[in-house]
Amino acid sequence: MGLGQNSAVRVEWIAAVSLAAGAAAVGYLAYKKFLCKDKCCKAMVNPHIQKDNPKVVHAFDMEDLGDKAVYCRCWRSKKFPLCDGSHTKHNEETGDNVGPLIIKRKEA
């Protein structure tokens with residue numbers, strides 16, 4: 001193999017590696033743009049409740065609860081923080097098994 005042929009092989013090799021790297025970069029960016037975004041949004045726990053707050057917190061005094069209180073844990077309730085049964089539809093759509101938090105007084 002002569003010196004001229006050796007440099008021609010190197011040029012072809014560099015061109016092939018550059019093409020493969022470019023194709024990999026385009027593929028990765030397309031994946032992040034179109035596929036990964038859907039997964040990120042579906043994994044988000046809180047889709048719409050108080051999104052302007054850095055953290056959603058609700059506090060209740062035990063005396064104010066009455067005999068029983070049912071709280072949402074799926075973040076889909078229209079009456080949040082109280083449960084309205086929205087977890088049933090959420091579980092059917094996602095295969096999740098989330099349910100409400102039920103707090104009740106002990107019977108004396």
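Draft legend 1. The arrangement of the overall build of the protein in detail. Secondary structure assignment for the protein yields two helices and two strands. Listed N to C, the secondary structure of the protein is α-β-α-β in terms of helices and strands. Burial status across the protein gives 19% buried among its 108 residues. Of the roughly 9,100 Å² of accessible surface on the protein, 60% is carried by carbon and sulfur atoms.

Draft legend 2. Main features of the state of the cysteines. Overall, the coordinates contain zero disulfides when judged by the stated rule. For the unlinked cysteine C74, the closest cysteine sulfur is that of C72, found at 3.7 Å. Of the cysteine sulfurs around C83, a residue in no disulfide, the closest is that of C72, at 5.9 Å.

Draft legend 3. Region of the structure containing the confidence of the model for the protein. Mean pLDDT over the protein works out to 83, with 86% of the residues at or above the 70 mark. Per-residue pLDDT, averaged within each element of the protein, yields its smallest value for helix 1 (residues 3-43) (75) and its largest for strand 1 (residues 68-71) (92).

Draft legend 4. Region of interest: the side chain of N91. Within the fold, N91 resides in helix 2 (residues 86-94). The buried category is assigned to N91, whose relative accessible area is 17%. In this structure, N91 is in contact with D96, N97 and V98, ignoring residues within four places of it in sequence.

Draft legend 5. Representation of the packing of aromatic side chains. Throughout the structure, instances matching the rule amount to two aromatic pairs. Both rings, one in F60 and one in Y71, keep their centres 5.1 Å apart while their planes meet at 40°; by these two values the pair is tilted. With F60 in the loop between helix 1 and strand 1 and Y71 in strand 1, this residue pair connects regions lying 11 residues apart in the sequence. Measuring from centroid to centroid gives 4.9 Å for W75 and F80, while their planes differ by 20°, and the two rings are stacked.

Draft legend 6. Summary view of the environment of P47. For P47, the location among the structural elements is in the loop between helix 1 and strand 1. Judged by relative accessible area, which is 37%, P47 ranks as partly exposed. Setting aside residues no more than four positions away along its own chain, P47 makes contact with W75 and R76.

Draft legend 7. The arrangement of the nonpolar core in detail. By size, the foremost hydrophobic cluster in this structure holds seven residues: I49, V56, C72, C74, W75, F80 and V98. Setting aside its immediate chain neighbours within four residues, V98 contacts R73, C74, H87, H90 and N91.

Reading guide: rules and limits
- Residues numbered from 1 in each chain as written.
- Predicted model: local features only at pLDDT ≥ 70, side-chain atom pairs only at ≥ 80, totals over all residues.
- Heavy atoms only, no water.
- Helix = DSSP H or I, 4+ residues; strand = E, 2+ residues; numbered from the N terminus.
- Buried < 20%, exposed > 50% of the residue type's maximum accessible area, 1.4 Å probe, protein only.
- Areas by Shrake-Rupley, 256 points an atom, 1.4 Å probe, with all protein chains shown as cover.
- Disulfide = S-S within 2.5 Å.
- pLDDT = per-residue confidence, 0-100.
- Contact = heavy atoms within 4.5 Å.
- Phe/Tyr/Trp six-rings, centres within 6.5 Å; stacked < 30°, edge-to-face > 60°.
- Core = buried A, V, L, I, M, F, W, Y, C linked by side-chain atoms within 4.5 Å.

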